[in-house]
Amino acid sequence: MWWARLLNVISGLLGNGVAASTTSYESIATVTVGSPQSAITFSSIPSTYKHLQIRGIARSTRAASGSYVKIQANSDTGNNYANHGLYGTGSAAGAYAVTTTDHAGEAYITASSDLASTFGISVWDILDYTNTSKYKTVRALTGADVNGTNGQVRFASGVWLSTSAITTVTLTDGNGANFDQYSTFALYGIKG
Amino acid sequence: MAAGSTYTPIATATASGSQPTITFSSISGSYTDLVLIYSAKDGTAGAEGNILISFNSDSGSNYSWTNLYGNGSAAGSTRLTNQTSIYAYCAGNTSSLEAGTFQVMNYSNTTTYKSTLNRGNVASTAVVARAGLWRSTSAITRMDLTSSSGNFASGSTFTLYGIQAA
């Protein structure tokens, strides 16, 4: 249906996610946490797509309110990344920038001190991930509301300073805690 | 890794100009996420409006949301707790139809509360992102979209997609 595809394109142009048509968006893999675990890895990612999207819900075992998911490519844990964010806490807006760091982006999630059964959610776009002539950029719309004073909504972006094609993506808790039970991340491929 | 085509249109509604509410009912539980893409304005006097979204006919004070906005001169953030719906940003009656998205993640699981993300815009006024919460572990089978004032403008469109994870 032409109008549905037009709406998808509009959505992509507005920054809500890479525009998808109903025939070009494919599910690649999903990981759901059964018992708390420190990392979620998507490996052997096929190179047959133009862009990747990761959609997920997550809660941290951190003994505090809130945490964040950090994203790394090809098991590179060096300080080869930078990222920016714009966020709202419910009472104020703020921004951050991090350079020479070990991850490309920070998605907000809930943690152990937050309202039970609440999870942070995020939609990540990893653009032109197989291109070997430019650095790789990611962006995310992410956040969590917990019906109280904590919680956050955030735009996040980042760069991996490498021209290598991405074949592996690793997600970890930025505070070194684990992803709690029922956290789920799904990887999708978008054709060009 | 398994791969399969997804991002499937479930239903579309186009407002006639006399409807305060659009309903998507009998939503299949066979997807992982829901994505609502809208091009809409409501009957609110002024540039800005809101789509009041509730699930499964729950009219209790079980909803909340956190708002981030930029209006051309400042960025700010607000929050509303214990509400009877989640607000998705759209145009008011002095604006053109404005597009936005509303995402509901893991909508059919019965172990977590349901979290949402909204991106909305009114070109003359603001750009907005919102994280929402429905405090229920019930699987979502129905979404009601209600104009915050009056009716949705004629030609407003609402398309619901399902995304199925591998």
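Residues numbered from 1 in each chain as written. Chains lettered and ligands numbered in written order. Predicted model: local features only at pLDDT ≥ 70, side-chain atom pairs only at ≥ 80, totals over all residues.

Draft legend 1. Main features of the overall build of chain A. What chain A contains, in helices and strands, is one helix and 12 strands. Within chain A, buried positions represent 52% of all 192 residues. (Helix = DSSP H or I, 4+ residues; strand = E, 2+ residues; numbered from the N terminus. Buried ≥ 20, exposed ≤ 12 C-beta atoms within 10 Å, placed from the backbone.)

Draft legend 2. Seen up close, the interface of chain B and chain A. On the side of chain A, 49 residues touch chain B, which itself brings 49 residues to the contact. For the side of chain B that touches chain A, the secondary-structure elements that each account for two or more residues are strand E1 (4-5), strand E2 (8-14), strand E4 (33-40), strand E6 (63-70), strand E7 (75-83), strand E9 (98-104), strand E10 (114-122) and strand E11 (126-134) of chain B. The leading source of residues in the side of chain B that touches chain A is E7(B), at seven residues. Split by residue class, the side of chain B that touches chain A holds 18 nonpolar, 26 polar and five charged. (Contact = placed C-beta atoms within 7 Å. Nonpolar A, V, L, I, M, F, W, Y, C, P; charged D, E, K, R; others polar.)

Draft legend 3. Local environment of the sheet that holds strand E11 (residues 169-173) of chain A. Residue and element names in this part refer to chain A. Strand order in the open sheet made by the four strands is E2-E11-E4-E7, with antiparallel pairing throughout. A strand with exactly one partner marks an edge of an open sheet, and here the two such strands are strand E2 (39-42) and strand E7 (106-109). Here the average twist between neighbouring strands, direction ignored, is 20 degrees. In this sheet, E11 lies alongside strand E4 (residues 67-73) in antiparallel orientation, the contact comprising five bridges. (Pairing = 2+ DSSP bridges. Axes fitted to C-alpha atoms, helices over the stretch in contact; angles between N-to-C directions.)

Draft legend 4. Representation of the sheet that holds E9(B) in the model. Residue and element names in this part refer to chain B. Taken together, the eight strands give an open sheet; going across it, the order is E2-E13-E4-E9-E10-E11-E6-E7, and neighbouring strands pair in antiparallel fashion. Every interior strand has two partners, whereas the edge strands, E2 and E7, have only one. On average, each strand axis in the sheet is inclined to that of its neighbour by 15 degrees, with strand direction left out of account. Bridge count for E10 against E11 is nine bridges, and the pairing is antiparallel. Opposite arginine 119, over in E11, you have alanine 129 as the bridge partner.

Draft legend 5. Fine view of unusual backbone geometry. Residue and element names in this part refer to chain A. Residues other than glycine seldom take positive phi values, yet serine 75 does so here, at roughly 60 degrees. The exposed category is assigned to serine 75, around which 11 C-beta atoms lie within 10 Å. One non-glycine residue with positive phi stands out, namely serine 117, at about 70 degrees. Following the sequence through the fold, serine 117 ends up in the loop between E7 and strand E8 (120-127).

Draft legend 6. Summary view of the pairing of strand E12 (residues 143-147) of chain B. Residues and elements named next belong to chain B. What you see with E12 is a clean split: Met143, Leu145 and Ser147 sit on the buried side and Asp144 and Thr146 on the side with no burial. Strand direction decides the pairing type here: strand E3 (residues 21-24) and E12, joined by four bridges, are antiparallel. Looking at the pairing, threonine 21 lines up with threonine 146 of E12. Of the pairings in the sheet, the one linking strand E5 (residues 48-55) to E12 comprises five bridges and is antiparallel in character. Counted as the bridge partner of serine 54 is aspartate 144 from E12.

Draft legend 7. Representation of the confidence of the model for chain B in the model. Overall, the prediction assigns chain B a mean pLDDT of 96, with 98% of residues at 70 or greater. This prediction of the complex comes with two scores: 0.92 for pTM and 0.95 for ipTM. (pLDDT = per-residue confidence, 0-100.)

Draft legend 8. Summary view of the pairing of E6(B). Residue and element names in this part refer to chain B. Among the eight residues of E6, seven are classified as buried, and the element is accordingly described as predominantly covered. Pairing analysis gives seven bridges linking E6 to E7, with the strands arranged antiparallel. From the neighbouring strand, leucine 68 faces E7, where its bridge partner is serine 77. The hairpin formed by E6 and E7 contains four residues between the paired strands, and glycine 72 there has a positive phi angle of roughly 100 degrees. In this sheet, E11 lies alongside E6 in antiparallel orientation, the contact comprising eight bridges. When the bridges of E11 are listed, serine 64 appears paired with leucine 133.

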